[in-house]
Amino acid sequence: MKELLTYIIQNLVDNPDKVSVTERKSGDSTVFEVRVADGDMGKVIGRQGRIIKEVRVLMKAVAQRQGEKVSVEVID
């Protein structure tokens, strides 16, 4: 799942080499922390948070099919 999230985020930004996705366990769920270059933050979040919201929906759907729980956080 980390590879899928990395692929999606890298295709949204201008500096794909600066994308960093870290995975940490929090209880029974997994939290993915996404870091991007300063200029790319708006592209990942989108207007009124629409893009990151859809990325979260997609990741939750994939996780649900595998019987897992995930969340995606964008870190400054």
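Residues numbered from 1 in each chain as written. Predicted model: local features only at pLDDT ≥ 70, side-chain atom pairs only at ≥ 80, totals over all residues. Heavy atoms only, no water.

Q: Is there a simple way to think about unusual backbone geometry in this case?
A: Peptide bonds are trans in most cases, and residues, glycine excluded, mostly fall at negative phi. Residues other than glycine seldom take positive phi values, yet Gln48 does so here, at roughly 55°. The topology assignment puts Gln48 in the loop between helix 2 (41-45) and helix 3 (50-65). Judged by relative accessible area, which is 67%, Gln48 ranks as exposed. (Helix = DSSP H or I, 4+ residues; strand = E, 2+ residues; numbered from the N terminus. Buried < 20%, exposed > 50% of the residue type's maximum accessible area, 1.4 Å probe, protein only.)

Q: Please clarify how the nonpolar core should be interpreted in this entry.
A: Looking at soluble globular proteins, one finds that nonpolar side chains tend to be buried together. By size, the foremost hydrophobic cluster in this structure holds 17 residues, and its most contacted members are Leu5, Ile9, Val34, Val36 and Met59. Considering every element that reaches this core, the biggest residue donor is helix 3, with four residues. Excluding anything up to four places from it in sequence, Ile9 contacts Val19, Val34, Val36 and Val44. (Core = buried A, V, L, I, M, F, W, Y, C linked by side-chain atoms within 4.5 Å. Contact = heavy atoms within 4.5 Å.)

Q: When you look at the pairing of strand 2 (residues 29-35) in this model, what are you seeing that I'm missing?
A: Along any regular strand, the residues point their side chains to alternate faces of the sheet. Counting buried positions along strand 2 gives six out of seven residues, so the element sits mostly inside the fold. Summarising the sheet, strand 1 (residues 20-26) and strand 2 pair through seven bridges and their orientation is antiparallel. The residue bridging Ser20 from the neighbouring strand is Arg35, located in strand 2. Where strand 1 folds back on strand 2, the antiparallel hairpin that results is connected by two residues, among which Gly27 adopts a positive phi of roughly 70°. Here strand 2 pairs with strand 3 (residues 70-75) via six bridges, running parallel. Opposite Val34, over in strand 3, you have Val74 as the bridge partner. (Pairing = 2+ DSSP bridges.)

Q: Explain the sheet that holds strand 3 here, please?
A: Either a parallel or an antiparallel arrangement is found when strands of a sheet pair, and the pairing is made through backbone hydrogen bonds. With respect to topology, three strands assemble into an open sheet ordered 1-2-3, the strand pairing being mixed. Strand pairing shows two members of the sheet lacking a second neighbour, strand 1 and strand 3, which therefore form its edges. Averaged over all neighbouring strand pairs, the angle between strand axes comes to 25°, with direction disregarded. Packed on one face of the sheet, helix 3 meets strand 2 and strand 3 and runs near 150° to strand 3. (Axes fitted to C-alpha atoms, helices over the stretch in contact; angles between N-to-C directions.)

Q: Would you mind showing me how to read the environment of Gln10 here?
A: Its place among the elements puts Gln10 in helix 1 (residues 2-12). Of note is the side chain of Gln10, whose polar atom sits 3.4 Å from the backbone oxygen of Pro16. (Polar contact = N/O pair within 3.5 Å; in protein donor to acceptor, adjacent residues only side chain to side chain.)

Q: Whenever I open this one, the packing of helix 1 against helix 3 confuses me. Can you help?
A: For any two helices packed against each other, the geometry is given by the interaxial angle and the distance between the axes. Relative to each other, helix 1 and helix 3 sit at 160°, their axes nearing to 11 Å. Relative to helix 3, the element helix 1 lies roughly antiparallel. Along this stretch, helix 1 crosses helix 3, giving a crossing that reads as right-handed. Residues Leu4, Leu5, Ile8 and Leu12 of helix 1 lie in contact with helix 3, whose contacting residues are Ile51, Val55, Leu58, Met59 and Val62. For the contact of helix 1 with helix 3, the per-class residue count stands at nine nonpolar, no polar and no charged. (Parallel < 35°, antiparallel > 145°, perpendicular 65-115°, else oblique. Left-handed = near helix turned anticlockwise from the far one by under 90°. Nonpolar A, V, L, I, M, F, W, Y, C, P; charged D, E, K, R; others polar.)

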